[in-house]
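Fold and geometry: a report
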Amino acid sequence: NFPAWLSITVVHDGNDDVSRYAALFSDITERKETEERIRNLAYFDVLTGLPNRRLFGDRLTQALANARRPKLPLTLMVVDLDRFTRINDTLGHSGGDQVLEATAKRLKDMVREGDTVSRLSGCEFAVLVAEVQKAEDAIKLGQRVVEEVHGPMTVLGQELFVSSSVGVAVHPDDGDDADKLLKNAIAAAQQAKAVGGNGYKLYSSAMN
C-alpha cells in the first residue's frame, strides 16, 4: 500500500452523454515523506528527537486545561546541565551532542508513557509529570532526576559525570497557566545553579 492522489475525469460520447470515467492514480509517497520531515522540523528537536519548546508549550497548555476541571496536580521540572560550555570546550560539539542525547534518553526512560520530556533549548530540558499528589513527591522526583543525570556516561571514550540543576514547580500552587508555570520552574532551576548545581530547588515566591 502507498499514499496516492486520485483524479477522476468524465468522458462523454458524441451525444454528450457520459460514456465512461477515467481515473489517474499518482504516487505521493515522496510528498507525504517531505510533509512529515517538515512537521518534525517544526515540532521536534533534530538532535534528541524530543518535542521542542513549541510542541512542549502546546502539550503543557493542554495538560493544564485537562487538570483544571478535576483539579489534578501537575509537576513541571526544568533540567539545566551544569557547566555545559566546559564540556563543549573540552570535547568539542560532537562530545556535547552525545551528552545531550544521553541525557535525553535518561530522562525519557525515567518517566511514564503519558508524561512529556522536551528539549527547550541548548542544554535545558523540561519534564512534565501528571498526577503528583504531594509536594514531597515532587521533591523526590527532582532528586531522582538529579541522580539519573549524574550517573556515569561514556562520551568519546571517556567516562563523564554530568551534573544538573533542576527547578521544580507544581500546578496549581506555582502557576495556573503555561507561561507562569514554566517561568517559575526556570527560576527554581536558576536558583539551584546559583548555589552550586548538582541539585534541585522547589519553587517559592521568594525567588521572584
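What comes next concerns the included structure. Only a predicted model underlies this, so the values are computations on that prediction, with no experimental measurement involved. (Residues numbered from 1 in each chain as written. Predicted model: local features only at pLDDT ≥ 70, side-chain atom pairs only at ≥ 80, totals over all residues. Heavy atoms only, no water.)

This part takes up the pattern of salt bridges. Counting across every chain of the model gives five salt bridges. Here Arg119 and Asp45 are joined by a salt bridge, their closest N and O atoms 3.1 Å apart. Of this pair, Arg119 sits in strand E4 (residues 116-121) while Asp45 sits in the loop between helix H1 (29-43) and helix H2 (53-68), and the two are 74 residues apart along the sequence. Exposure remark for Arg119: the relative accessible area of 15% places this residue in the buried category. Where Asp109 meets Lys105, a salt bridge forms, and the shortest distance between an N and an O atom there is 2.8 Å. With Asp109 and Lys105 both in helix H3 (residues 84-110), this residue pair falls four residues apart, about one helical turn. (Salt bridge = Lys/Arg side-chain N within 4 Å of Asp/Glu carboxyl O. Helix = DSSP H or I, 4+ residues; strand = E, 2+ residues; numbered from the N terminus. Buried < 20%, exposed > 50% of the residue type's maximum accessible area, 1.4 Å probe, protein only.)

This brings us to a nonpolar patch on the surface. A surface patch of nonpolar side chains, about 630 Å² in accessible area, is lined by Leu6, Ile8, Val10, Val18, Tyr21 and Phe25. Of all the elements in the fold, those that place two or more residues in the nonpolar patch are strand E1 (4-12) and strand E2 (18-27). Looking at where Val18 falls in the secondary structure, it is placed in strand E2. Exposure remark for Val18: the relative accessible area of 46% places this residue in the partly exposed category. (Patch = residues over 30% accessible without salt bridge, like charges linked within 9 Å, V, L, I, M, F, W, Y side chains within 5 Å. Areas by Shrake-Rupley, 256 points an atom, 1.4 Å probe, with all protein chains shown as cover.)

End to end, H2 covers 22 Å across 16 residues, agreeing with the expected 22 Å (1.5 Å per residue, within 8%). The backbone nitrogen of Arg54 has a side-chain oxygen 3.1 Å away, supplied by the residue at the start of H2, namely Asn52. (Expected span 1.5 Å × (residues − 1). Polar contact = N/O pair within 3.5 Å; in protein donor to acceptor, adjacent residues only side chain to side chain.)

Judged by its relative accessible area of 17%, Asp45 falls in the buried class. There is a polar contact of 2.6 Å between the side chain of Asp45 and the side chain of Thr48. Beyond its immediate stretch of four places on either side in the chain, Asp45 contacts Leu50, Pro51, Asn52 and Arg119. (Contact = heavy atoms within 4.5 Å.)

Everything listed is a geometric property; what it means functionally is a separate question.
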